[in-house]
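# Chain and residue survey
Listed here are the chains, written in short residue letters.
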Amino acid sequence: MNDKIVTLDTFYDPMLAEIIRGRLEANGIACFIADDNTIGINPIYNQALGGVKLKVFEHDVEKCREILSQPEELALSDDQLHETETACPYCHSTNVRYGSATQVKANWLATLIAFLFSTYPLYANKAWHCFNCQRDFK
């Protein structure tokens, strides 16, 4: 079998190329990305190399175009979507986010060490924060 490898598309964003490659591989298409390491090391070469290239076999080009022309749908059911939502234990709101704590931001030892060495605190507490009742929770 003497199949020719061709460039399906070029991208100036390596992450977009990875997303498209993952979508094609999920549909059984063998493909790879060229020039992503060179551009990742030195992004100034992006224009000179013509971007990141998505390579496929020539006999798969039509199937690839067909796959990429279809809108991508999430395969999550309503039950799965509700399972991923985190609710506040105080007011049961889902208007929450995980990040730096707003009430107790850092412990006293990390703050003291940061003050002595004139640096930023290396340790910050993380917690869920509810935007409705303004409380933090684990």
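Structure first, text after, so check above.
Read on for an overview of the structure. What you see is a predicted model, and the numbers here were worked out from it, not measured in a lab.

Turning to the overall build of the protein chain, a few remarks are in order. Of regular secondary structure, the protein chain possesses six helices and six strands. The linear arrangement of helices and strands in the protein chain, starting from the amino end, is β-α-β-α-α-β-α-α-β-α-β-β. For the protein chain, with 138 residues in total, the buried portion stands at 26%. Within the protein chain, contacts between residues separated by at least 24 positions form 64% of all contacts whose residues are at least 6 apart in sequence. Put simply, the protein chain shows about 10300 Å² of open surface, and 56% of that area lies on carbon and sulfur atoms.

Right, let's talk about the packing of helix 1 (residues 14-26) against helix 4 (residues 61-69) for a bit. Between helix 1 and helix 4, the shortest axis-to-axis distance is 10 Å and the interhelical angle comes to 110°. As judged from the angle between their axes, helix 1 and helix 4 are roughly perpendicular. Every residue of helix 4 that contacts helix 1 at Ile-20, Arg-23 and Leu-24 is listed here: Cys-64, Ile-67 and Leu-68. For the contact of helix 1 with helix 4, the per-class residue count stands at five nonpolar, no polar and one charged.

This paragraph deals with the side chain of Lys-53. Tracing the sequence through the fold places Lys-53 in strand 3 (residues 52-57). The exposure class of Lys-53 is buried, given its relative accessible area of 16%. A polar side-chain atom of Lys-53 sits 3.1 Å from the main-chain carbonyl oxygen of Gly-51.

Let's shift gears to the packing of aromatic side chains. Tallied over the full model, the rule gives two aromatic pairs. The interplanar angle of 10° and the centroid separation of 6.4 Å between the aromatic rings of Trp-128 and Phe-137 together place this pair among those described as stacked. Looking at Trp-128, the relative accessible area reads 25%, which means it is partly exposed. Through a chain of ring-to-ring contacts, the aromatic side chains of Tyr-98, Trp-128 and Phe-137 assemble into a single cluster.

Moving on to helix 1. An ideal rise of 1.5 Å per residue puts 18 Å on 13 residues; helix 1 measures up with 18 Å between its terminal C-alpha atoms. As for helix 1, its buried residues are in contact with strand 1 (5-11), strand 2 (31-34), strand 3 and helix 4. Following helix 1 by one or two positions, Gly-28 adopts a phi angle in the positive range, close to 85°.

Conventions adopted
Residues numbered from 1 in each chain as written. Predicted model: local features only at pLDDT ≥ 70, side-chain atom pairs only at ≥ 80, totals over all residues. Heavy atoms only, no water. Helix = DSSP H or I, 4+ residues; strand = E, 2+ residues; numbered from the N terminus. Buried < 20%, exposed > 50% of the residue type's maximum accessible area, 1.4 Å probe, protein only. Contact = heavy atoms within 4.5 Å. Areas by Shrake-Rupley, 256 points an atom, 1.4 Å probe, with all protein chains shown as cover. Axes fitted to C-alpha atoms, helices over the stretch in contact; angles between N-to-C directions. Parallel < 35°, antiparallel > 145°, perpendicular 65-115°, else oblique. Nonpolar A, V, L, I, M, F, W, Y, C, P; charged D, E, K, R; others polar. Polar contact = N/O pair within 3.5 Å; in protein donor to acceptor, adjacent residues only side chain to side chain. Phe/Tyr/Trp six-rings, centres within 6.5 Å; stacked < 30°, edge-to-face > 60°. Expected span 1.5 Å × (residues − 1).

Function cannot be inferred from these measures alone, as they are strictly geometric.
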